[in-house]
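As a plain string of letters, each chain reads:
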Amino acid sequence: MLLDLRNYIKQRGSVSLLELSQHFSTPADALRGMLQHWLRKGVIQITGNVGCQKGCCGCDPAQVEIYHWQGQDTNKIICCHID
């Protein structure tokens, strides 16, 4: 599963913890442990607790915990529908 997780993030460039949880049908807390492996290796980065920058204050924390493949554009995730 570690390789599947790495490959999914690499393919997507940036992905939220919520999306990973839904895609792999695995609880977010279990995924965090697996993601630590790739964070230690330096192949992914995490952006967490930044909010969606839209001011709604209603986003799930797992939705705004974003994992990025190194070297990819990190501005691709939109987490809510406020205009």
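Every chain is numbered independently, its residues counted from 1 as its sequence is written. Predicted model: local features are reported for residues with pLDDT of at least 70 only, side-chain atom pairs are reported and counted for 80 or more only, and whole-chain, interface and lining totals are derived from all residues. Side-chain measures here rest on the full set of heavy atoms in the structure, leaving out hydrogens and waters.

Trainee: Can you tell me about the packing of aromatic side chains, naming the residues and giving the values?
Mentor: Stacked, edge-to-face and tilted labels apply to pairs of Phe, Tyr and Trp rings (six-membered ring for Trp) whose centres lie within 6.5 Å, assigned for plane angles under 30 degrees, over 60, and everything in between, in that order. If you walk through the whole model with that rule in mind, you get one aromatic pair. The interplanar angle of 75° and the centroid separation of 5.7 Å between the aromatic rings of Tyr 8 and Phe 24 together place this pair among those described as edge-to-face. Taken together, the residues span a long stretch of sequence, with Tyr 8 in helix α1 (residues 2-12) and Phe 24 in helix α2 (residues 17-24) at a distance of 16 residues. Here the term buried applies to any residue with accessible area under 20% of the maximum for its type, exposed to any over 50%, and partly exposed to those in between, with areas from a 1.4 Å probe on protein chains only. According to the relative accessible area criterion, Phe 24 is buried, its value standing at 17%. For helices the rule is a DSSP run of H or I covering at least 4 residues; for strands it is a run of E covering at least 2, with both sets numbered from the N terminus onward.

Trainee: Would you mind going over the confidence of the model for the protein chain in detail, with residue names and values included?
Mentor: Scored by pLDDT, the protein chain has a mean of 78; 65% of the residues are at 70 or more. The quantity called pLDDT is the predictor's confidence in a given residue, expressed from 0 to 100. By the convention used here, residues are in contact when the closest approach between their heavy atoms is within 4.5 Å. This stretch, residues 72-78, has a pLDDT under 50; its non-local contacts, to residues over four places away or in other chains, come to seven contacts.

Trainee: If you had to explain the nonpolar core to someone new, which residues and values would you point to?
Mentor: Ranked by internal contacts, the top residues of the largest apolar core, which has 14 residues, are Leu 5, Ile 9, Leu 20, Leu 35, Ile 44 and Tyr 67. Every element with two or more residues in this core is listed here: α1, α2, α3 (28-41) and β3 (66-69). Here the element with the most residues in this core is α3; it accounts for four residues. Contacts of Leu 35, omitting those with residues within four sequence positions, involve Leu 5, Ile 9, Leu 17, Leu 20, Ile 44 and Tyr 67. Here, the term nonpolar core denotes a set of buried Ala, Val, Leu, Ile, Met, Phe, Trp, Tyr and Cys residues that are joined through side-chain atoms within 4.5 Å.

Trainee: Please give an account of the pattern of salt bridges that cites residues and values.
Mentor: Criterion for a salt bridge: a side-chain nitrogen of Lys or Arg within 4 Å of a carboxyl oxygen of Asp or Glu. The tally for this structure, following the rule as stated, stands at three salt bridges. With a closest N to O distance of 2.6 Å, Asp 29 and Arg 32 form a salt bridge. Of this pair, Asp 29 and Arg 32 both sit in helix α3, three residues apart, roughly one helical turn. Residue Asp 29 is classed as exposed on the basis of its relative accessible area, which comes to 61%. Arg 32 gets classed as partly exposed once you look at its relative accessible area, which sits at 27%. We note a salt bridge from Glu 65 to Arg 32, for which the minimum N-O separation is 2.9 Å. Highlighted residues: Glu 65 in the loop between β2 (44-47) and β3 and Arg 32 in helix α3, separated in sequence by 33 residues. Three or more residues are tied together by salt bridges with common partners; here these are Asp 29, Arg 32 and Glu 65.

Trainee: Account for the sheet that holds strand β1 (residues 14-16), with residues named and values stated.
Mentor: Here, a strand pair is defined by DSSP locating no fewer than two bridges between the strands. The strand order β1-β3-β2 describes an open sheet built from three strands, whose pairing is antiparallel. Either end of the sheet is taken by a strand with one partner, and the two such strands are β1 and β2. Sheet twist, expressed as the average angle between the axes of neighbouring strands with direction ignored, equals 25°. Here β2 pairs with β3 via four bridges, running antiparallel. Bridged to Thr 47 within β3 is Ile 66. Strand contacts of α3: β2 and β3, with the helix running at about 125° to β2, the strand carrying the most contacts. For helices, the fitted line uses only the C-alpha atoms of the stretch in contact; every axis is such a line through C-alpha atoms, and the angle between N-to-C directions lies from 0 to 180 degrees.

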